[in-house]
Amino acid sequence: MIKHISILGSGNVAYHIARKLRAEGLIVDCVFSRNHITGQSLADGVNAVFTDELFQIPSKSDAYLFMMSDEANASIAGQINMPDDKIYIHTSGSLPKEIFKQKNAAVMYPFQTFSRDVKIDNFNEIPICIEASNADTFHEVRCLSEKISPLTYELSFEQRKILHIAGVFAANFMNHSVCLAQKLLQENNVPINILTPLLKQSFAKILAGAAYSSQTGPAVRGDRKIIDSHIDMLASDENLANVYKVLSESILKTYNK
Ligand SMILES: NC(=O)c1ccc[n+]([C@@H]2O[C@H](COP(=O)([O-])OP(=O)(O)OC[C@H]3O[C@@H](n4cnc5c(N)ncnc54)[C@H](OP(=O)(O)O)[C@@H]3O)[C@@H](O)[C@H]2O)c1
């Protein structure tokens, strides 16, 4: 059973996952980070030793959790020189487990957005996608993951990459759309909180059923006259006009208009 862990990275995900695992009774032996400020602070918070040197990461940990940027994860996975019988885990949606050359490689991808300064009240609701190089490692990583959340999913690398893309559409693009809407309102002296009831109702509808049947607006009605007039009005902002056009065309196609 995984009891001792070392953490690599001290960013958003490392901050929350390390603290949660510590709160669940795991022992964090070491926090490795190139960033002395966030690294030392995270190490202090989980009662671990801090280092910025790879060779100082202790070999006594049962598992090493790589929670750096994707590029750093891949690069440092190739440099770390640790025993083969340990478990090597990363938390990325876009990297294969094969970044680790050791025999016990795994992925524990939390499908949630993490920011260091935003508290997570509901770890229990975070889906965690797991993949491992062998059955024993899978079992170990599943037990570790269940300390964070009971919602574990076994997903292949292909499925995980698709899930990542789905997350970009569902969360990142949606957030960006609201960001563009707020900017448009601000530039025209309309208070942005006028959007709040619309956002709440739209979200409630999505959560109550399929987004497909919740679609409203000019494009789903096939109202090309309105669409063209909106694009004309946005002509001074080429980016905004293009985004409006691309999304409208996607809706027109989806509903055969
Ligand atoms: N944030 C999310 O919502 C989320 C959700 C699920 C999965 N993930 C995955 O979790 C992993 C970490 O994401 P994050 O959001 O926590 O990233 P982050 O906040 O940007 O933190 C990245 C960490 O990696 C370090 N780092 C960056 N480049 C490095 C390098 N060349 N050498 C050594 N260390 C380096 C950073 O150090 P500095 O502070 O010095 O830059 C920082 O400690 C990624 O694989 C990401 O795909 C993120």
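About the thresholds
- Residues numbered from 1 in each chain as written.
- Predicted model: local features only at pLDDT ≥ 70, side-chain atom pairs only at ≥ 80, totals over all residues.
- Heavy atoms only, no water.
- Phe/Tyr/Trp six-rings, centres within 6.5 Å; stacked < 30°, edge-to-face > 60°.
- Helix = DSSP H or I, 4+ residues; strand = E, 2+ residues; numbered from the N terminus.
- Buried < 20%, exposed > 50% of the residue type's maximum accessible area, 1.4 Å probe, protein only.
- Core = buried A, V, L, I, M, F, W, Y, C linked by side-chain atoms within 4.5 Å.
- Contact = heavy atoms within 4.5 Å.
- 1 Å grid on protein atoms, 1.4 Å probe; cavity = no way out; pocket = protein on both sides within 12 Å on 5 of 7 lines; lining within 4 Å.
- Points joined across faces, edges and corners; volume = space filled by probe spheres on them.
- Nonpolar A, V, L, I, M, F, W, Y, C, P; charged D, E, K, R; others polar.
- Domains from an automatic or database assignment.
- Salt bridge = Lys/Arg side-chain N within 4 Å of Asp/Glu carboxyl O.
- Polar contact = N/O pair within 3.5 Å; in protein donor to acceptor, adjacent residues only side chain to side chain.
- Pairing = 2+ DSSP bridges.
- Right-handed = clockwise from strand over helix to strand, strands pointing away.
- Near = heavy atom within 4 Å.
- Areas by Shrake-Rupley, 256 points an atom, 1.4 Å probe, with all protein chains shown as cover.
- Sits in = over half its atoms within 2 Å of the grid points.

1. Side note on the packing of aromatic side chains
A complete count under the given rule lists six aromatic pairs for this structure. Taking the centre distance of 5.6 Å and the plane angle of 15 degrees together, the rings of Tyr64 and Tyr88 count as stacked. Residue Tyr64 is found in strand β4 (residues 63-66), and its partner Tyr88 is found in strand β5 (residues 87-90); the two are separated by 24 residues along the sequence. In this structure, Tyr64 and Tyr88 share a single accessibility class: buried. Note on Tyr212 and Tyr255: the rings are 4.6 Å apart at their centroids and 20 degrees apart in plane angle, and the pair reads as stacked. Placement of the pair is Tyr212 in helix α7 (residues 211-214) and Tyr255 in the segment after α9 (238-254), with a sequence separation of 43 residues. Residue Tyr212 is classed as exposed on the basis of its relative accessible area, which comes to 52%. For Tyr255, a relative accessible area of 16% puts it in the buried group.

2. So, the nonpolar core
Judged by nonpolar contacts, the single largest core of 33 residues is most densely connected at Ile5, Ile7, Leu65 and Ile89. Those residues in contact with Ile5 that sit more than four places away from it in its chain are Leu21, Leu26, Ile27, Val28, Asp29, Cys30, Ser61, Ala63 and Leu65. The next biggest cluster of nonpolar side chains, apart from the first, holds 17 residues, and it includes Leu8, Leu54, Tyr88 and Ile99.

3. Thoughts on the layout of surface pockets
Approximately 2,400 Å³ is the volume attributed to the largest pocket. Among the secondary structure elements, those contributing two or more residues to the lining of the largest pocket are α5 (157-187), α6 (196-208), α7, α8 (224-233) and α9. Looking at which element gives the most residues to the lining of the largest pocket, the answer is α5, with 16 residues. For the lining of the largest pocket, the per-class residue count stands at 31 nonpolar, 15 polar and three charged. In this structure, the second largest pocket occupies an estimated 950 Å³ of space. Around the second largest pocket, the lining comprises 32 residues; the ones closest to its centre are Val13, Met68, Asp70, Thr91 and Phe114.

4. A word on the domain arrangement of the chain
Under the domain assignment, the chain is made up of domain 1 (4-155) and domain 2 (160-254). The distance between the C-alpha centroids of domain 1 and domain 2 comes to 36 Å. At the interface, 13 residues of domain 1 touch five residues of domain 2. Where domain 1 meets domain 2, there are one salt bridge. On inspection of domain 1 and its partner domain 2, the count reaches four residue pairs in polar contact (both at pLDDT 80 or more). Among the secondary structure elements, those contributing two or more residues to the side of domain 1 that touches domain 2 are β6 (105-110) and β7 (128-132).

5. So, the pairing of β5
Every other side chain in a regular strand lies on the same face of the sheet, so the side chains alternate between the two faces. The alternating pattern of β5 places Ile87 and Ile89 and Tyr88 and His90 on opposite faces, both of which are buried. Looking at chain direction, β4 and β5 are connected through four bridges and run parallel. Counted as the bridge partner of Phe66 is His90 from β5. Following the chain from β4 across helix α3 (residues 70-77) to the adjacent parallel β5, one finds a crossover that is right-handed.

6. Brief notes about unusual backbone geometry
Positive phi is not limited to glycine here, since Asn47 has a value of about 60 degrees. Along the chain, Asn47 falls in the loop between α2 (36-45) and β3 (49-51). Phi angles above zero are rare outside glycine, and Asn189 is one such case at about 55 degrees. As for its position among the elements, Asn189 is in the loop between α5 and α6. The class of Asn189 is exposed, set by a relative accessible area of 72%.

7. Digging into the site of the ligand
Near the ligand, the surroundings consist of 21 residues, among which Asn12, Val13, Arg34, Asp70 and Phe114 are the closest. Taking Arg34, its side chain carries an N or O atom lying 2.8 Å from an oxygen atom of the ligand. Between the ligand and Asn35, the relevant distance is 2.9 Å, taken from an oxygen atom to a side-chain nitrogen or oxygen of the residue. In isolation the ligand has 900 Å² of accessible area, and contact with the protein removes 72% of it. In a pocket analysis with a 2 Å cut-off to the grid points, the ligand is assigned to the second largest pocket. Elements with a contribution of two residues or more to the shell around the ligand: α1 (12-23), α3 and β6. Among the elements that make up the shell around the ligand, the one with the highest residue count is α3 (four residues). Class assignment of the residues belonging to the shell around the ligand gives a composition of eight nonpolar, 11 polar and two charged.

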